[in-house]
Amino acid sequence: MFIDVEKLKLDKLLTRHYDFTVNLPQIIVGQEKVAFNGPIKVVADATFTQKDVLVEGKITARAQVICHCCLEQFILDIETPLMERFVTTAQYNLLTEKEQQDGDVNWYQNGQINLEPLIEQALYLALPMRAVCKENCQGLCPRCGCNLNLNKCECKDQEIDPRLAVLQQLLKN
Ligand SMILES: [Zn+2]
Ligand SMILES: [Zn+2]
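Description of the structure in this document. The structure displayed is predicted, hence computed values, not measured ones.

### Observations concerning the overall build of the protein
Each helix and strand in the protein was counted, giving six helices and nine strands. Taken along its principal axes, the extent of the C-alpha atoms in the protein is 90 × 35 × 20 Å. For the protein, with 173 residues in total, the buried portion stands at 32%. Considering only contacts in the protein between residues 6 or more positions apart, those separated by 24 or more positions represent 53%. Carbon and sulfur atoms make up 51% of the accessible area of the protein, which amounts to about 11,900 Å² in all.

### Here's the deal with the coordination of the zinc ion (ligand 2)
Within the protein, Cys141 (SG), Cys144 (SG), Cys153 (SG) and Cys155 (SG) serve as the donor atoms for the zinc ion (ligand 2), at 2.3 Å. Each of the four donor atoms bound to the zinc ion (ligand 2) contributes to angles spanning 104 to 114°, and the resulting shape is tetrahedral. In terms of primary sequence, the donors binding the zinc ion (ligand 2) are separated according to C-x2-C-x8-C-x1-C. Classification of Cys141 as buried rests on a relative accessible area of 6%.

About the cut-offs
Residues numbered from 1 in each chain as written. Chains lettered and ligands numbered in written order. Predicted model: local features only at pLDDT ≥ 70, side-chain atom pairs only at ≥ 80, totals over all residues. Heavy atoms only, no water. Helix = DSSP H or I, 4+ residues; strand = E, 2+ residues; numbered from the N terminus. Buried < 20%, exposed > 50% of the residue type's maximum accessible area, 1.4 Å probe, protein only. Contact = heavy atoms within 4.5 Å. Areas by Shrake-Rupley, 256 points an atom, 1.4 Å probe, with all protein chains shown as cover. Donors = N, O, S within 2.8 Å, 3.2 Å for Na, K, Ca; no water. Tetrahedral: all angles 85-135°; square planar, octahedral: opposite > 155°, others 65-115°.

Take it as geometry only, folks, not as evidence of what the structure does.
Have a look at this one:
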């Protein structure tokens, strides 16, 4: 997952195309660990512009996430852009604090850009906080907890009017 800036410099203003696959261990999102099905694919163009290195591309991955409605695991296809600017550590240290914090610039050292942390971050941002398996997910029955996508429970039919429930209670007494 490294971009060799020395090689890029030889290309002058030409852009080099990269095609990576990475095996990321799971990433942590909130309380959950999210694992990926198969490798994460990264296609990117890197350009050395004399003053910085621009990396533009996209990341595709298949995340194993939990549906927030029915609590079943499902595969979520993720496609997210990767767009980052890199300068050397020396150049980075010359930036004002504000410029550093604006966040669209990263540093690299020893002529190598390590994309892995940025890929992890981009995936993290691309994962929804509340994933839902399908648009019409029926969720869980609030009474018996069965998955309404898979089962039909009797709870709905048994639901009685609260006014009738009071009557019923009176009759019992
Ligand atoms: Zn669901
Ligand atoms: Zn039920």
